[in-house]
Amino acid sequence: MQKGKIGVTTENIFPVIKKFLYSDHEIFLRELVSNAVDATQKLKTLANMGDFKGELGDLTIRIKLDTKKKTLTVSDQGVGMTTEEVDKYINQIAFSSAEDFLEKYKNQANNLIGHFGLGFYSAFMVSEKVEVISRSAQEGAKAVKWVCDGSPDYTLEEIDKVERGTDIILHIDKDSEEFLEENRINDILHKYCKFLPVPIGFGKKTEWKDGKSVELDEDKIINNTSPLWTKKPADLKDEDYKAFYKELYPMAEEPLFNIHLNVDYPFNLTGILYFPRIKSNLDIQKNKIQLYSNQVFVTDSVEGIVPEFLTLLHGVLDSPDIPLNVSRSYLQSDSNVKKISTHITKKVADRLQEIFKNDREQFEKKWDDLKLFIVYGMISEEKFYEPASKFALFKNTENKYFTFEEYEKLIKETQKDKNKTLVYLYTTDAEGQFSFIESARNKGYDVLVMDGHLDLHYINQLESKFKDSHFVRVDSDVIDKLIQKDESRESKLTMEQQNELKPVFQGHFPDAKGNYSVILESLAETDQPVLITQMEFMRRMKDMSALGGPMSFYGELPNQYNVVVNANHPLVSRIHEDKEKKCRKELDKFNEKLKPLQDTKAELEKANKDKKEEEIAQADKDRIAELDKKIKEFQDKRNEVLDKFGKENKIVRQLVDIALLSNNMLKGEELNKFVKRSIELL
Ligand code: ADP
Ligand code: MG
């Protein structure tokens, strides 16, 4: 029997392995099973080349638990190892300063195991003793047994073993007894080994016989040795892709489309990506892209490996060229990974373009489910924006879909304002903003629906991409102001009459309710009598701040609304006439008093018009201040009259309520009162 120390410079590497790899102990099984797969594949290759002449026979890899002996065994019938090979591959750990290295990179140690040929040694994370029993496939080879108890000392001896191949026997240590549980092992195998190319048996198939379950003499195979992505796309049907999706994500809804990736130059990549229906953030969390290396599962956190928006896709990627056993930061800077990532982005865009071109109807039908994904891609990846801008769709309030180009054509003639800016109107809530949409449509304008999670960012981006264009929410001003044309409409009321109507309405918006300012506009007679709008800029800033980020101070500001009174509406004329009848006398009383004060003030100001602030005589300044005070006094009194009139006038209140109602802002008691008043008025 040979005795020796395994080839590391340090006294004892195993405590180091155990300590640093604590978080991810389960991967030892992935490492051992993939070694068994490698050994089996090597044997097949040798057979193909004629270098192995024996019978291949059954190649199933078997995992066995022995709870009494507390062992877990991985057996294969692959190439096996000769004594020399055990010495070379197992005893000589490939790099000498393993301990230093692990110390330095302890956070990334999980990823390092396989990379530095420490895969086999990960067995010591869970074992107090490991035995390797192996007989090489070489003719006449003697079987060999290697035992190591976790110190660098090992023993190596010749033994009898009939079958070709290798058994790795782990004597599971006390801290790791979870790995003696059948369910735990089953879970790990399902996670990492589900698609390995050699059959893997764990336990036996069972059958119900006479009311109880009996074991059959047949392996229970846990893997699918030829998963769909390894097959030729030409041989596959739509159903196959759907079935494979179910295999990957049993609980998920049917996907929208799939892409079969199959590249062998300049890197090797296969895989199938699915476009899921993304309805909520929850879906995004649950089902992820799985990354494989030669059918061995590596990870399902592909962030940083593929562009972020692609992480919304589902499916599998398999590439032996992605250096999977190194750290994430290394991966992100790896040029192969970058190329792969760019390639996938392009393929995804191509596939969408193809579906759009070949079957627009289907594409439109699925657009609402696809939109979040595509918009996310356009916002976050410049490389995706370009191709996607050819097939991304706008949807309008009539549920019609347009490409960017088509939509521009549609609105180019009608929605340019006097400065030649093309104005895109949109709604975030087609029901809540219905009356505004109506008046835009009455003018022959079109309104887009932009009610998605990302649309606020999307709109900002589109504004930066589209030339001489501007997006405004349809309720952010009266329609004539949103798209200002040259013509201006005559007003039925004089400026003075308009000014008198302000307090009549303003009284219905006490300060406590937020920041409402009444303005009069000369709109069409057929437009709404009263409208409540919120400035686009302010609203967008507040919406952005609600999403967090640098704009968050806007969130602190109160909401600011304009109450737009249509000076040309017949009902407003009626209010005006009513006001004339009831208040004229009283108002004129104040106006008579105001007139001389205002005249005097105007004269004084005229006299001082060309002077600088410091050149104006103090006496004049005092006089103006005094006049202002008096003017204000009378104005306040006059406004009180108007305010009182406005509050007593049922039509004013009714119009205000209707405006609030069409913005979804009339609630509770006020709503109740409105309903009662409406009935009275009828
Ligand atoms: P890697 O798999 O990256 O080469 P490992 O530490 O996992 O590193 O394995 C070291 C070497 O031990 C392998 O390259 C292989 O030569 C040998 N080996 C391990 N397990 C087996 C096995 N089941 N059958 C044959 N050879 C094996
Ligand atoms: Mg290995």
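Note on numbering: residues in each chain are counted from 1, in written sequence order. The lettering of chains begins at A and the numbering of ligands begins at 1, in the order of writing. It should be noted that, the model being predicted, local features are given only for residues of pLDDT at least 70 and side-chain atom pairs only at 80 or more, the latter also being counted only at that level, while totals for whole chains, interfaces and linings use all residues. Side-chain numbers come from the whole structure's heavy atoms, not from hydrogens or water.

A. Representation of the overall build of the chain. Counting from the N terminus, the helices are DSSP H or I runs at least four residues long and the strands are E runs at least two residues long. Of regular secondary structure, the chain possesses 22 helices and 22 strands. Burial classification: accessible surface area is computed with a 1.4 Å probe over protein chains only, and a residue below 20% of its type maximum counts as buried, one above 50% as exposed, and the rest as partly exposed. A total of 682 residues make up the chain; the buried ones form 49% of that total. When checking whether two residues touch, look at their non-hydrogen atoms; a contact exists if any pair is within 4.5 Å. Contacts spanning at least 24 positions in sequence make up 70% of the contacts within the chain whose residues lie at least 6 apart. The Shrake-Rupley method, run with a 1.4 Å probe sphere, supplies the accessible areas, and residue values consider only the shown protein chains as cover. In the form shown here, the chain has an accessible surface area of approximately 35600 Å², with 48% of it arising from carbon and sulfur atoms.

B. Expanded view of the pairing of strand β3 (residues 71–76). The buried count for β3 comes to six of six residues, which makes it a mostly enclosed element. The side-chain alternation of β3 yields two buried faces, one formed by Thr71, Thr73 and Ser75 and the other by Leu72, Val74 and Asp76. Only strands joined by at least two bridges in the DSSP assignment are considered to pair. Inspection of the sheet shows strand β2 (residues 61–66) paired to β3 by five bridges, in the antiparallel sense. What sits directly across from arginine 62, in β3, is serine 75. Turn length for the β2-β3 hairpin, with the two strands adjacent in sequence and antiparallel, is four residues, and the turn residue lysine 70 shows positive phi of about 55 degrees. In the sheet, β3 pairs with strand β7 (residues 165–172) via six bridges, with the strands oriented antiparallel.

C. Structural context of the sheet that holds strand β18 (residues 447–449). Pairing within the open sheet is parallel, and its three strands lie in the order β18-β17-β19. Single-partner strands in this sheet number two, and they are β18 and β19 (469–473). Neighbour-to-neighbour, the strand axes of this sheet turn through a mean angle of 40 degrees, independent of strand direction. The sheet strands contacting helix α13 (residues 404–412) are β17 (422–427) and β18, and the helix crosses β17 at an angle near 110 degrees. For helices, the fitted axis covers only the stretch in contact; all axes are lines through C-alpha atoms, and the angles between them, taken along N-to-C directions, range from 0 to 180 degrees.

D. Seen up close, the pairing of strand β12 (residues 290–293). Both faces of β12 are covered, namely the face carrying Gln290 and Tyr292 and the face carrying Leu291 and Ser293. Across three bridges, the pairing between β12 and strand β14 (residues 314–318) is parallel. In the strand pairing of β14, glutamine 290 is matched with valine 316. Two strands pair when backbone bridges link them, and β12 and strand β13 (residues 296–299) are joined in this way by three bridges, in the antiparallel orientation. In the sheet register, serine 293 faces β13, and the bridge partner there is valine 296. Adjacent in sequence and paired antiparallel, β12 and β13 are bridged by two residues, among which asparagine 294 carries a positive phi angle near 50 degrees.

E. Spotlight on unusual backbone geometry. The phi torsion at asparagine 294 lies on the positive side, around 50 degrees, for a residue other than glycine. Within the element layout of this structure, asparagine 294 appears in the loop between β12 and β13. Its identity as a non-glycine residue notwithstanding, asparagine 399 has a phi of 60 degrees, on the positive side. If you trace the backbone, asparagine 399 turns up in the loop between β15 (393–395) and β16 (401–403).

F. Quick peek at the sheet that holds strand β22 (residues 560–566). With mixed pairing, the three strands of this open sheet are ordered in space as β20-β22-β21. The outermost strands of the open sheet, each flanked by one partner alone, are β20 (515–521) and β21 (530–533). Averaged over all pairs of adjacent strands, the angle between strand axes in this sheet comes to 25 degrees, irrespective of strand direction. Pairing between β21 and β22: four bridges, direction antiparallel.

G. Region of interest: the pattern of salt bridges. When a carboxyl oxygen of Asp or Glu is within 4 Å of a side-chain nitrogen of Lys or Arg, the pair counts as a salt bridge. The final tally for this structure, using the stated rule, is 50 salt bridges. Among the ionic pairs, lysine 205 bridges to glutamate 218, the shortest N-O distance being 3.0 Å. A residue pair is termed long-range when its members are at least 10 positions apart, and lysine 205 in strand β8 (residues 200–209) and glutamate 218 in strand β9 (residues 212–221) qualify at 13 residues. Classification of lysine 205 by relative accessible area gives partly exposed; the value is 35%. One salt bridge connects glutamate 253 with arginine 277, and the closest N-O pair in it is separated by 3.6 Å. Of this pair, glutamate 253 sits in the loop between α7 (238–248) and β10 (257–263) while arginine 277 sits in the loop between β11 (269–275) and α8 (281–286), and the two are 24 residues apart along the sequence. The exposure class assigned to glutamate 253 is partly exposed, which follows from its relative accessible area of 49%. Arginine 277 gets classed as partly exposed once you look at its relative accessible area, which sits at 25%.

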